[in-house]
Amino acid sequence: MENSSAFAEPLCIPYRSAGTAGIITKIRLENFMCHSSLQIELGEWINFITGQNGSGKSAILTALCVAFGCRARGTQRASTLKDFIKTGCSYAVVHVEMKNEGEDAFKPEIYGDTIIIERRISESTSSTVLKDHQGKKVASRKEDLQEIVEHFNIDVENPCVIMTQDKSREFLHSGNDKDKFKFFFKATLLQQVNDLLQSIRSNLDAANALVDELESSIRPILKDLKELQSKIKNMEHIEEISQQVDQLKKKLAWTHVHEIDKELQEQSAKVENYRNRVPACQAKINLHLGKMEDLMERLSKKKTHMASIMEKTSEVRRLKEELQNHLRMERLELVEEHSRKLNLVEKLVEKVRWLEQQVGDIHEQHIQNTQAEECEIKKNLKGLQDEVDAAHLVLARLKDEENALSDSLSMGMDEIRKISSEIETYERRRREMSSHVRELLQHQTNKVTAFGGDRVISLLRAIERHCNRFKMPPIGPIGVHLSLIHGDTWAPCVENAIGKLLNAFIVNDHKDSLLLRGCAKEANYNHLQIIIYDFSRPRLDNRIPSKMLPQTQHPTTLSVLRTDNPTILNVLIDLGHAERQVLVRDYDVGKAVAFDKDIANVKEVYTLEGYKMFSRGSVQTILPPNKRTRTGRLCSSFDNQIKDLERDKVNVEEHAEQSRRKKRNAEEEIRNLQDKLQTAKRRRLNAERDLMSKQLAMKDVKDSYAAESSPAPASTVDELHQEISRVQGEIQEKQILLEKLEVRMNEAESKVNELKLSFENLCVSANADIDAFGEAEREVELIEADLHAAEKGKIHYEELMTNRVLPEIKVEEANYQELKEKYEKSIKMASTICPESELEALGGCNGCSTDQLSDQVKRLTRILENESQKYADSIDDLRMMYEKKKRKIFRKQQTYEGFREKLNACQKALDLRWSKFQRNATLLKRQLTWQFNGHLRKKGISGQIKVSYEEKTLSVEVKMPQDASSGTVRDTRGLSGGERSFSTLCFALALHEMTEAPFRAMDEFDVFMDAVSRKISLDTLVDFALAQGSQWIFITPHDISMVKQGERVKKQQMAAPRS
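Residues numbered from 1 in each chain as written. Predicted model: local features only at pLDDT ≥ 70, side-chain atom pairs only at ≥ 80, totals over all residues. Heavy atoms only, no water.

## Some words on the overall build of the chain
- Within the chain one finds 20 helices and 23 strands.
- Here the chain holds 1059 residues, and the buried ones make up 37% of them.
- Of the contacts formed within the chain by residues at least 6 apart in sequence, a portion of 76% connects residues at least 24 apart.
- For the chain, the exposed area adds up to about 62900 Å²; of that, 50% sits on carbon and sulfur atoms. (Helix = DSSP H or I, 4+ residues; strand = E, 2+ residues; numbered from the N terminus. Buried < 20%, exposed > 50% of the residue type's maximum accessible area, 1.4 Å probe, protein only. Contact = heavy atoms within 4.5 Å. Areas by Shrake-Rupley, 256 points an atom, 1.4 Å probe, with all protein chains shown as cover.)

## Brief notes about the sheet that holds strand 14 (residues 581-584)
- Across the sheet, four strands lie side by side as 14-15-16-17; this open sheet has mixed pairing. This sheet does not close on itself; its edge strands, each paired only once, are strand 14 and strand 17 (619-623). Mean inter-strand twist for the sheet, computed between neighbouring axes without regard to direction, equals 20 degrees.
- Note that strand 15 (residues 604-607) and strand 16 (residues 612-616) share two bridges and pair antiparallel. Bridged to Val605 within strand 16 is Met613. (Pairing = 2+ DSSP bridges. Axes fitted to C-alpha atoms, helices over the stretch in contact; angles between N-to-C directions.)

## Describing a negative patch on the surface
- Side chains of Glu259, Glu263, Glu266, Asp851 and Asp855 sit close together on the surface and give a patch of like negative charge.
- Taken together, the elements giving at least two residues each to the negative patch come down to helix 7 (219-368) and helix 17 (850-868).
- Residue contributions to the negative patch peak at three residues, all from helix 7.
- Locating Glu263 in the fold gives a position in helix 7. (Patch = residues over 30% accessible without salt bridge, like charges linked within 9 Å, V, L, I, M, F, W, Y side chains within 5 Å. Salt bridge = Lys/Arg side-chain N within 4 Å of Asp/Glu carboxyl O. Lys, Arg positive; Asp, Glu negative; His and termini not counted. Charge placed at Lys NZ, Arg CZ, Asp CG, Glu CD.)

## Some thoughts on the confidence of the model for the chain
- Considering every residue of the chain, the mean pLDDT works out to 76; 78% of them sit at 70 or more.
- Ranking the elements of the chain by mean pLDDT puts strand 1 (residues 6-8) last with 33 and strand 11 (residues 505-507) first with 93.
- In this model residues 710-714 is a low-confidence stretch, pLDDT under 50, and it forms four contacts with partners more than four residues away in sequence or in other chains. (pLDDT = per-residue confidence, 0-100.)

## Remarks on the pairing of strand 2 (residues 21-32)
- Extensive coverage of strand 2 is indicated by the burial of nine of its 12 residues.
- Of the strand pairs in this sheet, strand 2 and strand 5 (residues 91-100) are connected by seven bridges, and their pairing is antiparallel. If you follow Leu29 over to strand 5, its bridge partner there is Val94.
- Pairing between strand 2 and strand 3 (residues 35-41): six bridges, direction antiparallel. Residue Leu29 lies in a different strand from strand 3, and its bridge partner there is Leu38.
- From the end of strand 2 to the start of strand 3, which pair antiparallel, there are two residues, and Met33 there has a positive phi angle of about 55 degrees.

## A short note on the pattern of salt bridges
- Under the defined criterion, the tally for this structure stands at 19 salt bridges.
- Residue Arg28 is joined to Glu30 by a salt bridge in which the shortest nitrogen-to-oxygen separation is 3.7 Å.
- Relative accessible area serves as the criterion here: at 24%, Glu30 is assigned to the partly exposed category.
- Notably, a salt bridge pairs Glu657 with Arg660, separated by 3.3 Å at the nearest N-O pair. With a gap of three residues between them, Glu657 and Arg660 both fall in helix 14 (residues 639-708), about one helical turn apart.
- Members of the salt-bridge network, linked through shared partners, are Glu427, Arg430, Glu657, Arg660, Arg661 and Arg664.

## A closer look at the sheet that holds strand 8 (residues 137-139)
- Taken in spatial order, the six strands line up as 3-2-5-6-7-8 in an open sheet, and their pairing is antiparallel. Of all strands in the sheet, those with a lone pairing partner are strand 3 and strand 8, marking the two edges. For this sheet the average axis-to-axis angle between neighbouring strands, irrespective of direction, equals 25 degrees.
- Taken strand by strand, helix 1 (residues 57-67) contacts strand 2, strand 3, strand 5 and strand 6 (114-122), and its axis lies near 110 degrees from that of strand 2.
- With respect to the sheet, helix 3 (residues 142-152) is in contact with strand 2, strand 5, strand 6, strand 7 (126-131) and strand 8, its orientation differing from that of strand 7 by roughly 60 degrees.

## Thoughts on the packing of helix 9 (residues 454-465) against helix 11 (residues 510-522)
- Where helix 9 meets helix 11, the closest approach of the two axes is 8 Å, and the angle between their N-to-C directions is 130 degrees. Relative to helix 11, helix 9 is oriented oblique. In the crossing of helix 9 with helix 11, the sense of the turn from one axis to the other is right-handed. Note on element contacts: helix 11 touches helix 9 through Leu516, Cys519, Ala520 and Glu522, opposite Leu459, Ala462, Ile463 and Arg465. (Parallel < 35°, antiparallel > 145°, perpendicular 65-115°, else oblique. Left-handed = near helix turned anticlockwise from the far one by under 90°.)

## Structural notes on the state of the cysteines
- According to the stated counting rule, one finds zero disulfides in the structure shown.
- As a non-bridged cysteine, Cys519 has Cys467 as the owner of its nearest cysteine sulfur, 9.9 Å distant. (Disulfide = S-S within 2.5 Å.)

## A word on helix 1
- Of all 11 residues in helix 1, 11 are buried; the element is thus mostly enclosed.
- All of the buried residues along helix 1 are Lys57, Ser58, Ala59, Ile60, Leu61, Thr62, Ala63, Leu64, Cys65, Val66 and Ala67.
- Positive phi shows up at Gly69, right after helix 1, with a value of about 90 degrees.

## Things to note about the packing of aromatic side chains
- Applying the stated criterion across every chain yields a total of six aromatic pairs.
- In textbook terms, an aromatic cluster arises when at least three aromatic residues are bridged by ring pairs, as seen for Phe48, Trp1032 and Phe1034.
- The residue whose ring lies beneath Arg201 is Trp914, and the NZ or CZ to ring-centre distance is 5.7 Å.
- Its end group placed over the ring of Trp45, Arg1048 keeps NZ or CZ at 4.2 Å from the ring centre. (Phe/Tyr/Trp six-rings, centres within 6.5 Å; stacked < 30°, edge-to-face > 60°. Lys NZ or Arg CZ within 6 Å of the ring centre and 35° of its normal.)

## Describing unusual backbone geometry
- For the peptide bond that leads from Gly476 to Pro477, omega is -10 degrees, which places it in the cis range.
- With respect to the helices, strands and loops of the structure, Pro477 is situated in the loop between helix 9 and strand 10 (483-484).
- Notably, Met33 is not glycine yet its phi reads approximately 55 degrees, a positive angle.
- Position of Met33 relative to the elements: it lies in the loop between strand 2 and strand 3.

The following block contains the structure:
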C-alpha cells in the first residue's frame, strides 16, 4: 500500500476552554507498517476514523503505543520494533504532537504550548527524541519520555486508555469470568499495585529470614560471654570485700574524731544556751524600762487632758451668756417692725372698702338706666373673645410644629445627600483598591505585567515570533531588568524619578525600531516608547568623574539600582540622568538639598512622599505628588502591599456598609417626617379656617353691641377705680414686705432653735468633760501604781544576771576549750590514716559507733582470706578477654538490630498500604456496579457486576426488558451478539469512568453489534465522551453516518487500500 493518505470531513473547529494538556493534535507516520506517509490531525473531543479492512486504521493506535514507549510485544502486532518497518524500507518514523497548555502543562517554559514526540526505528536500533513547539530538540532519554507519560497519566498498555482490535475481540468474545476479572484488575491498575505489594512482601520475607540466620550465628558467642561475665563478677566481689575492709578502717579512725566533735558541739550548744540567757534577762530589763517610759508618757498626756477640760467648761459658760443676750435683742426688733407694717396694711384695706362702696353706689344708679340685654351681650362677646384667643394659640402652636418639621426634613435631606456622597466615595475607593490588588496579583505571578500589563506579554510573544528578523534582540521593558540594592526603601523615589522609562524598550538601530513598532501594532500596544541606543557602547557608570556627580551624602537613583545589562545602565545615565537625581526621605531635607545648600551637579531631587524639586536658573520649582501614580513595581515582593490593600479594602467596605445603614435609617426618618408634616399642614389649615369663622362671628357681635350700647358711665367711676387699683397695689407691696418680715422672723426662730440645740450640746459636752475629768484622775492613780511595779521588776532581773547567769557561762566556756584541744589531736591522728576528703567520697561514717566498725572489720577480714583461696586467675586478664569479645559481638548486634528496625518499619508500612489497597479495591467494585447499571438503563436493561477478589472472578448479571426475557441472564453468552456487545461496552465505559487519561482510543468496538445495538452504542459512546471531557479516538470499519453531527465530533475516513 503506497502513499496512503487520510482526509477529514469539513467540520467547524469546536471551542474548548484553555488549560487542556496531553491531547493528541497530530500523528504522522513514515514507512510504518503499511503506511509510506500518513498524517492525521485529530480534534480535541471525539474523533471517528473509518475505513475498509487493510486501510491501516489499527496502525495508528499501534504507532501511538510505540511513540509512548510501549514494547513491540505489548502491541500484540510484532515481536520486535524492526518488524514495524515497511517492507523494502530501512527505517520507520512515528511523529506525535500533543498539546501542552493550561495549568497541567508539562514544563511549559521548556516545551512551550506543544510537545513533539518522534520515535525513529531502524534495523539495528530505535531512538526517541522530544522536541518543543518550534521543533527544537529538548531531550532524548527514555527517562524524559517516562516523566511525560507519568505526568499526563498515559498508560498505553491499559485497555481503558488504548483498546486495540485484538483486545476488543478478546474482551467482547470472552465469557470467562477470570478473563473479565483480569481485564478489570488491569484496567483499574489494581494488578500493578498488587504485583508491587506482593514483590515487596516476598523481599521482606527473604530479608527477615536472612536477619534471623545472622542473629542465630552469634548466640554461642553470647553464651561464652555471659559465663565470662559471671566469673568476673565473683572476682569483683572479692575486690569489693578488700575495699570494704580498707574503707572501714578509715571510717573507724574518723568515727572517733566525729564522736569527739559531737561532744564538742553539745558543749558549744550548752555554752550558747547560757549565753542566750543574757539577752533574755537584758530583754526583760529593757521591757520594764520601755513600760516605765510608756507609763510616764501616758501620765503626762492625762494631766494635759485634764487642764484642757477645765479650760473648755469655762468657755461654755461664756458662750451661753452671749447667745442669750443676742437672741433677746433681735427678737424684740422683729416684733416691733411687724406690728408697724400690720397696722399700715389694715388702714389701706379700710380705704379700699370705702372706695369700693362709692363705686357700688354709682354702678347701682347706672344699672337702673340700662336694659337687661346688655349683660347677655357682654357675656357672649367675652365667650367669643376667649374662643378666638384659644384658636390663635392653637394656630401658633401648629405653625411652630410645622416649621420645626420642615427644618427637620431639610436637615434629614442634607444628611442623606451627605451620606450618599460618602457611600460613592467609599465605593470608588473600594473599586480602585480591588483593581490595584488584581494588578499586584498579576505582577506577583508575572513581574513583566507590572510594566505594561497584558499588552507587554503579547508584545514579547510577537517579538519571539519575529526574533530572527531583528539585528539585535530588543531589550525591555527596562523595569524588568532593574532591582533595588538596599531593599524596597527607595522604590517610590526611583519609580518617580525614572518614570515612563520603566515601560520602554531599547533597540540597536532604526530598522529594529520599525520592526519593533510593527510587533507592537500586532500586539495592539499603542504609544510604545522605543529608545534607539548603540548596544556596543561600554559601561558608563565607571567612567563618570567624581567631580561630575552630586557632592552629597544622600543616594542617587544610579547608586540604589542594580542591573546586569550595561545598555540599560547607559540609557538611564544618558537619557534619564540617573547619576544626578538625588533621593531624600522627607520634604524639608529635599528642599535644603535642592535649593538651600547650592550643591553642584544636582539635576532633580525626589522625596519618599513623591515631591519633585529642581531649579532652572533662578526659578525654583516644587511639583506635588501625583496621587494617581501607583508605585511599588520595583519591590521584591508584593505580599505586604496586597495585605495592606486587603485590610484597607475591608475597612472601606465596613465604613460603606455603616453609611448604607445610616442612609436607610435616615430615609425611614424622612418618610416619617413627611407623614407628620402632611398631618401638621392639614391640622394648620383646619385651625386657620376655624379662627377665621370665630373672628367673623365676634365682629358681628361687636357691631351689634356698638349700635345698641348706651353712653359710658361718668368719669368719676373711672377715677375711683384708678384710686382703688393704686391702693390695692400699695396693699400688695405692704403684704409682700410683711411676708418677707415673717420669713425673717421664721429664720430668726429657727436660728434660735439651732442656737438652743447647740447650747444644749455644749452643756452635754461640758457634762461629759466633767465626767471625763473624774475618770482621768482615776487613771492617773492606776498609771502611777503600774510605774512603781515596773521599776521593781527591773531591779529583780538586774540582780539575777549579776549573781547567777554570768558565773555559769564562765564555767561552761572552760569545759569547751578542753574538748576542743582533744578534738584537734584526734584529727591529726586520723589524717595520717586517710584524708577527710577521701572519707566524704566513701559516704561518711553512716552513724556507726567505733565498736560496731571494729566488729565489721574483723568479720570481713576472715571472709576475704577464705574467698581468695578459690581463684587462681587474674581479674585483669579476665576483663581484657571479656572486653575483646564484647567489642567483637557488639558491632554485629548493632548492625542486626538496625536491620530488624528497618524491616519492622517496612512491614508496618506494607501492612498499612495493603489495608488501603483492599479498601480501595472494595470501593472500586461498588463504583463499577453503579456505573455499569447506569449505562445499561439507556437501553432499558438493568444488571450488576459481582467481583470476587479471593476467587479472581468477575461475573456480569443482566436483566433484559419484559418483552424480551423475564429472567436474569447470569452469563452474557446467553445473550445475542449485539446485546452481549452492548453490555460489554457498558462494562468498558464503567471502567473508563474509573480511570483518568488525556486521551482514549478504541478499535473495532462495534464489530459484533447489530444495527440497533450499534446505534445505541455509538450514541452512548458519544454522550459519554462529551460528558467525560477527554479526547476520544474511535476506529471502526462500519458506517458511522448514524452518529449525530456536532462541532465537537470529527469524522475521518482512511483511503481504500491499493491492490
